[in-house]
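Observations on the model geometry
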Amino acid sequence: MAAEQTTNARDRLLHAAAALMDASGERALSTRAVCERAGVSAPTLYHHFGSKQGLIDAVIGHGFSQYVGAATPIDQLGDALEAVRAGWDGHVSFGLEHPRFYTLLYGHLEPGVPCAITAPATERLTTLLQAVARTGRLTADPGDAARQLHAANVGVTLTLIGQPPEEVDLALSARVREAAIAGVTTGAERPGRDVAAAAAQLRSALDDGSPLTPGETLLMRELLARVEAAG
């Protein structure tokens, strides 16, 4: 029973802090208000999170994990490229629905330190792009392409958050999305692009198993990477 009460207290603190942060932002958050809303004492908060910042970090991590966890499992998706588009639109919608939370997540990064909280979303995008590469439609390394698309997705979301509600231009998001996707897939008129796509497809196929020796596979990957870059 004690363990159940402890778990419930932690969850209540997370939900209380999330609601207050969503309404007023991080700077207006007080441990007293969180404790009152959650119906617990201050020592309980410090027991679970150590400090106010620990609570904030936990709320951000919990909130984003809920967003990623709600996504459709990759093996249940249809066309991978359409899934990339749907993921982009879902990301923008999430940011517009939770602007304070989103700007906390992407506006408080430590220089030189990758964000561990958003890593699952980037990994999911990389997996989708690996599937695109297997169809011969990707012209870049899936990891590099994922970083490019994620950077563009975050940039356009922050831009839209900064617009007055009545002026939010979702068409801007669609234009940036298509431009970003065109930059890493076949279809654009550019010499060598089909060759780059074929190289990306073959390099992705090597991830599923190779008849070559480890040394030969490594050399092949390096050569294919050069072909992709030249395309």
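Every value quoted in this text rests on a predicted model; they were computed, and no experiment measured them.

1. Structural notes on the overall build of the protein chain
Scanning the protein chain from terminus to terminus reveals eleven helices and zero strands. Each helix (α) and strand (β) of the protein chain, taken in turn from the N terminus, gives the series α-α-α-α-α-α-α-α-α-α-α. Sequence separation of at least 24 residues holds for 68% of the intrachain contacts in the protein chain that already meet a minimum separation of 6. When the accessible surface of the protein chain is summed, it comes to about 12,600 Å², and 56% of that surface belongs to carbon and sulfur atoms.

2. Overview of the packing of aromatic side chains
In the structure shown here, the tally under the stated rule is two aromatic pairs. An angle of 90° between the planes, with centres 5.9 Å apart, marks the rings of F94 and F101 as edge-to-face. F101 matches F94 in its accessibility class, with the two residues each being buried. Seen from their ring centres, Y102 and Y106 are 4.7 Å apart, and the 40° between their planes marks the pair as tilted. Of this pair, Y102 and Y106 both sit in helix 6 (residues 99-107), four residues apart, roughly one helical turn.

3. Details of the nonpolar core
The biggest cluster of nonpolar side chains holds 28 residues, and the ones touching the most others in it are L13, M21, V34, L55, I60 and F64. Secondary-structure elements contributing two or more residues to this core are helix 1 (2-24), helix 2 (31-38), helix 3 (42-49), helix 4 (52-69) and helix 6. For L55, the residues in contact, after removing those within four places along its chain, are L13, A17, V34, L45 and F49.

4. Quick look at the pattern of salt bridges
The full count for this structure, using the stated rule, is eight salt bridges. Between R85 and E178 there is a salt bridge whose closest N-O contact spans 2.8 Å. Separated by 93 residues along the polypeptide, R85 in helix 5 (residues 80-97) and E178 in helix 9 (residues 170-182) bring together distant segments of the chain. Residue R177 pairs with D89 through a salt bridge whose shortest N-O separation is 2.9 Å. In this pair, R177 is assigned in helix 9 and D89 in helix 5, connecting sequence segments 88 residues apart. The exposure class of R177 is buried, given its relative accessible area of 14%. Residues joined in a network through salt bridges with shared partners are E82, R85, D89, R177 and E178.

5. Things to note about the environment of E123
Take E123: it is sitting in helix 7 (residues 119-134). In the structure, E123 is positioned 23 residues away from A146 in sequence and 8.2 Å away in space, judged by C-alpha atoms.

6. A short note on helix 9
Under the 1.5 Å per step criterion, the end-to-end length of helix 9 is 18 Å for 13 residues, consistent within 8% with the ideal 18 Å. On its buried face, helix 9 is in contact with helix 5 and helix 8 (142-161). Where helix 9 starts, the residue carrying a side-chain oxygen 3.1 Å from the main-chain nitrogen of A171 turns out to be D169.

7. A closer look at the environment of A58
Tracing the backbone shows A58 in helix 4. Along the backbone, A58 and H48 are ten residues apart, and their C-alpha atoms lie at a distance of 10.0 Å. Not counting residues within four places of it along the chain, the set of residues in contact with A58 comprises R10, L14 and F49.

8. Some details on the confidence of the model for the protein chain
Caution applies to low-pLDDT regions: their predicted coordinates should not be interpreted in detail. The predicted model of the protein chain has a mean per-residue pLDDT of 81, with 79% of residues at 70 or higher. A low-confidence stretch, residues 1-6 (pLDDT under 50), is modelled with one contact involving residues beyond four sequence positions or located in other chains.

Conventions we followed
- Residues numbered from 1 in each chain as written.
- Predicted model: local features only at pLDDT ≥ 70, side-chain atom pairs only at ≥ 80, totals over all residues.
- Heavy atoms only, no water.
- Helix = DSSP H or I, 4+ residues; strand = E, 2+ residues; numbered from the N terminus.
- Contact = heavy atoms within 4.5 Å.
- Areas by Shrake-Rupley, 256 points an atom, 1.4 Å probe, with all protein chains shown as cover.
- Phe/Tyr/Trp six-rings, centres within 6.5 Å; stacked < 30°, edge-to-face > 60°.
- Buried < 20%, exposed > 50% of the residue type's maximum accessible area, 1.4 Å probe, protein only.
- Core = buried A, V, L, I, M, F, W, Y, C linked by side-chain atoms within 4.5 Å.
- Salt bridge = Lys/Arg side-chain N within 4 Å of Asp/Glu carboxyl O.
- Expected span 1.5 Å × (residues − 1).
- Polar contact = N/O pair within 3.5 Å; in protein donor to acceptor, adjacent residues only side chain to side chain.
- pLDDT = per-residue confidence, 0-100.

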